[in-house]
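Given next are the chains, with one letter for each unit.
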Amino acid sequence: MNPTTGMQKGDLAAAPADTHGAISKKTVELDGVSVTEVTFGVGAKWSKDLKPDMGTESCELPHVALVLSGTLHVVMDDGSEDEFGPHNVMLLPPGHDAWSVGDEPCTFVEFSRGNDLYS
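Residues numbered from 1 in each chain as written. Predicted model: local features only at pLDDT ≥ 70, side-chain atom pairs only at ≥ 80, totals over all residues. Heavy atoms only, no water.

Novice: So what about the overall build of the protein? Which residues, and what values?
Specialist: Along the backbone of the protein there are 2 helices and 9 strands. Put simply, the protein runs from its N terminus to its C terminus through helices and strands in the order β-β-β-α-α-β-β-β-β-β-β. When each of the 119 residues of the protein is scored for burial, the buried share is 34%. Nonlocal contacts in the protein, meaning residues at least 24 apart in sequence, comprise 55% of its contacts between residues at least 6 apart. (Helix = DSSP H or I, 4+ residues; strand = E, 2+ residues; numbered from the N terminus. Buried < 20%, exposed > 50% of the residue type's maximum accessible area, 1.4 Å probe, protein only. Contact = heavy atoms within 4.5 Å.)

Written out as structure tokens, the structure is:
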């Protein structure tokens, strides 16, 4: 961090990939915020690819993200659902499943301060 300006910089392209089935995540940590590029490959689904590693019935993490490409279908535990495509900004509270739609991967960039947003 630059001590005079407080500016910080990270490189998502250089971040190591954390892969779970057809879902890949790259994270850069900045002071107070994690920035993660998430790609749901064709046919990727949270409940198929990440659920076995998370140990919960649905995704319990909050997400604030900008979709760059593809389409993500999200179903909340209460049954409400929506789709998010390029240039859409999404805020997802805990308790959801999500999957890529169609024959194009869905990539979004997530900005999170962590679970303190919903504690």
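Novice: Can you lay out the nonpolar core for me, pointing to particular residues and giving the numbers?
Specialist: Side chains of a nonpolar character, in soluble globular proteins, are inclined to be buried together. Counting 18 residues, the largest nonpolar core has Phe 40, Leu 72, Val 74, Met 90 and Phe 108 as the members making the most contacts within it. Counting only elements with at least two residues in this core, the list comes to strand 3 (33-40), strand 4 (63-69), strand 5 (72-76), strand 7 (89-92) and strand 9 (106-112). When residues in this core are grouped by element, the largest group, 3 residues, is from strand 5. Among all residues touching Phe 108, those that are not within four sequence positions of it are Thr 36, Glu 37, Val 38, Phe 40, Ala 65, Leu 66, Val 67, Leu 68, Leu 72 and Met 90. Residues Leu 12, Ala 15, Val 28 and Val 35 belong to the second largest nonpolar core, which totals 5 residues. (Core = buried A, V, L, I, M, F, W, Y, C linked by side-chain atoms within 4.5 Å.)

Novice: Before we move on, could you go through the sheet that holds strand 8 (residues 96-100) and cite the residues and values that matter?
Specialist: Pairing between sheet strands relies on hydrogen bonds along the backbone, with the strands arranged either parallel or antiparallel. Spatially, 6-5-8 is the arrangement adopted by the 3 strands of the open sheet, whose pairing is antiparallel. Of all the strands in the sheet, just strand 6 (81-84) and strand 8 have a single pairing partner and so form its edges. Taking each pair of neighbouring strands and ignoring which way they run, the sheet shows an average axis angle of 20°. In the sheet, strand 5 pairs with strand 6 via 4 bridges, with the strands oriented antiparallel. Bridge pairing in strand 6 links Val 74 to Asp 82. (Pairing = 2+ DSSP bridges. Axes fitted to C-alpha atoms, helices over the stretch in contact; angles between N-to-C directions.)

Novice: Describe the sheet that holds strand 9, and please don't skip the residues or the numbers.
Specialist: On the basis of which strands lie adjacent, the open sheet formed by 6 strands has the order 1-2-3-9-4-7 and antiparallel pairing. With one partner strand each, in any of the chains shown, strand 1 (17-20) and strand 7 form the two edges of the open sheet. Here the average twist between neighbouring strands, direction ignored, is 25°. Summarising the sheet, strand 4 and strand 7 pair through 4 bridges and their orientation is antiparallel. Note on strand 7: the bridge partner recorded for Ala 65 is Met 90.

Novice: Talk me through the pattern of salt bridges; I want residue IDs and the actual numbers.
Specialist: The final tally for this structure, using the stated rule, is 1 salt bridge. In this structure, the salt-bridge partner of Glu 57 is Lys 51, at a minimum N-O distance of 3.1 Å. Under the relative-accessibility criterion, Lys 51 is labelled partly exposed at 25%. (Salt bridge = Lys/Arg side-chain N within 4 Å of Asp/Glu carboxyl O.)

Novice: Give me the layout of surface pockets: which residues, what numbers.
Specialist: Put simply, the largest pocket is a space of about 510 Å³. If you go around the largest pocket, you meet 29 residues; those closest to its centre are Lys 25, Cys 59, Leu 61, His 63 and Glu 110. When residues of the lining of the largest pocket are traced back to their parent elements, those giving at least two are strand 2 (23-30), strand 3, strand 7, strand 8 and strand 9. Along the lines of polarity and charge, the residues of the lining of the largest pocket split into 14 nonpolar, 10 polar and 5 charged. (1 Å grid on protein atoms, 1.4 Å probe; cavity = no way out; pocket = protein on both sides within 12 Å on 5 of 7 lines; lining within 4 Å. Points joined across faces, edges and corners; volume = space filled by probe spheres on them. Nonpolar A, V, L, I, M, F, W, Y, C, P; charged D, E, K, R; others polar.)

On their own, these measurements won't tell you what the molecule is for.
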